[in-house]
Amino acid sequence: MNQNEALVKSAIHDAVIRAVTEISADVKGLLKDALARETNETAQSMLRSMVDNLSIAKEGDKAVCQSPGYPTTWLSFGDGNLPECAREAVSEAVAEATKKGYLRPSMVDPLTRENSGNNTGKGVPNIEYEYHPGQKYVDFIISFKGCGAELGKNLSGLKRFILETAVNAGGKPCPPYGIGIGIGGQMDIAAKLSRKAISTRRWDDVNPDPELAALEAELKDAINGLGLGAAGTRRAGIRIYDDGRVEKLL
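## Some details on the packing of aromatic side chains
All told, the structure shown has 1 aromatic pair when counted by the stated rule. For the pair Phe77 and Tyr131, a centre-to-centre distance of 5.7 Å together with 40° between the ring planes defines the contact as tilted. With Phe77 in strand β1 (residues 70–77) and Tyr131 in strand β2 (residues 126–131), the pair connects residues that are 54 residues apart, well separated along the chain.

## Describing the sheet that holds strand β3 (residues 139–145)
Sheet architecture is open: 3 strands sit in the order β2-β1-β3, paired in mixed fashion. Two strands lie at the open edges of the sheet, namely β2 and β3, each paired on one side alone. With direction set aside, neighbouring strand axes in the sheet form an average angle of 15°. Contacts between helix α4 (residues 86–99) and the sheet are confined to β1, β2 and β3, with β2 contributing the most and set at about 145° to the helix.

## Some points on unusual backbone geometry
A cis amide bond, omega -5°, links Val124 with the succeeding residue Pro125. Although it is not a glycine, Asp61 adopts a positive phi angle of roughly 55°. Mapped onto the elements, Asp61 comes out in the loop between α3 (41–60) and β1. Of note, the phi angle at Asn119 is positive, near 65°, even though the residue is not glycine. With respect to the helices and strands, Asn119 occurs in the loop between α4 and β2.

## Some thoughts on the pairing of β1
With 7 of 8 residues buried, β1 lies mostly within the body of the structure. Pairing between β1 and β3: 7 bridges, direction antiparallel. Within β3, the position partnered with Thr73 by the bridge is Ile142. In this sheet, β2 lies alongside β1 in parallel orientation, the contact comprising 6 bridges. Within the sheet, the bridge partner assigned to Ser76 lies in β2 and is Glu130.

## Here's the deal with a negative patch on the surface
A contiguous patch of negative charge on the surface is contributed by Asp109, Glu114, Asp209 and Glu211. Among the secondary structure elements, Asp109 is positioned in the loop between α4 and β2. Residue classification places Asp109 among the partly exposed positions, given a relative accessible area of 32%.

## Here's the deal with helix α7 (residues 210–224)
When the terminal C-alpha atoms of α7 are compared, their 21 Å separation across 15 residues agrees well with the 21 Å that a helix rising 1.5 Å per residue should span. Every buried residue of α7 is listed here: Ala213, Leu215, Leu219 and Ile223. Seen along its axis, α7 keeps its buried residues to an arc of 160°; they face one direction. Relative to its buried face, α7 has exposed residues pointing more than 90 degrees away, namely Pro210, Asp221 and Asn224. Its buried side turned inward, α7 meets α5 (156–169).

## A few points about the nonpolar core
Within the largest apolar cluster, 19 residues are counted, with the highest numbers of intra-cluster contacts made by Ile12, Val16, Val94, Ala97, Leu103 and Phe144. Where this core is concerned, the elements lending two or more residues are α1 (3–21), β1, α4 and β3. Ranked by residue count, the leading element in this core is α4, at 6 residues. With sequence-adjacent residues up to four places away left out, Ile12 is seen in contact with Ala86, Ala89, Val90, Ala93 and Phe140. Ranked by size, the runner-up nonpolar core spans 8 residues in total, among them Ile162, Ala166, Leu215 and Ile223.

## Remarks on a nonpolar patch on the surface
A cluster of nonpolar side chains, Ile238, Ile240 and Val246, forms an exposed patch at the surface whose accessible area comes to about 310 Å². The class for Ile240 is exposed, based on a relative accessible area of 60%.

## Section: α3
A rise of 1.5 Å per residue sets the reference length of α3, with its 20 residues, at 28 Å; its end C-alpha atoms lie 28 Å apart and thus fit the reference within 8%. The set of residues buried in α3 consists of Leu47, Val51, Leu54 and Ala57. Along α3, the residues classed as buried sweep out an arc of 120° about the axis, all on the same side. Away from its buried face by more than 90 degrees, α3 exposes Glu41, Thr42, Ile56 and Glu59. The distance from a side-chain oxygen at the start of α3 to the backbone nitrogen of Thr42 is 2.9 Å, and the residue carrying that oxygen is Asn40.

Each value, and the rule that gives it
Residues numbered from 1 in each chain as written. Predicted model: local features only at pLDDT ≥ 70, side-chain atom pairs only at ≥ 80, totals over all residues. Heavy atoms only, no water. Phe/Tyr/Trp six-rings, centres within 6.5 Å; stacked < 30°, edge-to-face > 60°. Helix = DSSP H or I, 4+ residues; strand = E, 2+ residues; numbered from the N terminus. Pairing = 2+ DSSP bridges. Axes fitted to C-alpha atoms, helices over the stretch in contact; angles between N-to-C directions. Contact = heavy atoms within 4.5 Å. Buried < 20%, exposed > 50% of the residue type's maximum accessible area, 1.4 Å probe, protein only. Patch = residues over 30% accessible without salt bridge, like charges linked within 9 Å, V, L, I, M, F, W, Y side chains within 5 Å. Areas by Shrake-Rupley, 256 points an atom, 1.4 Å probe, with all protein chains shown as cover. Salt bridge = Lys/Arg side-chain N within 4 Å of Asp/Glu carboxyl O. Lys, Arg positive; Asp, Glu negative; His and termini not counted. Charge placed at Lys NZ, Arg CZ, Asp CG, Glu CD. Expected span 1.5 Å × (residues − 1). Arc of directions from axis to C-beta. Core = buried A, V, L, I, M, F, W, Y, C linked by side-chain atoms within 4.5 Å. Polar contact = N/O pair within 3.5 Å; in protein donor to acceptor, adjacent residues only side chain to side chain.

Structure representation (structure tokens):
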């Protein structure tokens, strides 16, 4: 490990710990302002407990909340200064924070419900990259937020939601249309995955995961049974190799 990589990993580790043992100064200030303005005794008690909890957590080097939620990271960078070890560093920091008891190991696979035990796995933590030409520094921000709704027993909630969405859309979208489905993460992640599925996957392929392949087949039959019409999309893709070759993807 070179010196820069060690620096990046250490800094990210410290930021992850700080994210769960403290709250940012702006939020803390708003909480204290709200407490100073509040006249309702019950509300005062709740706000005071929240403020007191911050001090207790800091003094005891404990998490502010026993289940902070889904970790999302924003990493902005400039020309040539994106740390190559960033994704590895974030995953290692979250896993280490979980091992040390700062985080409850609550992240599970959205379909199998398998728990890695350290809050990491496919797509977790999520990292959003932002490139800014000319930026001479790297910004790293990690935020833990509550997760979304459950999928229901045997994915019943997911299936119902997808079919209801198709029914409600009816013939209003510009035909022909298809449905992309994203599962996992928070709302923005699921939306991004659904857009990627509808835009980049071949529609005649079969998912390599047998469980997902069966789910896709079941949903396709159910949606086609609604009688809402055929589906299709307009798109094009290319692959450019290092030696200059160009191939059509779609």
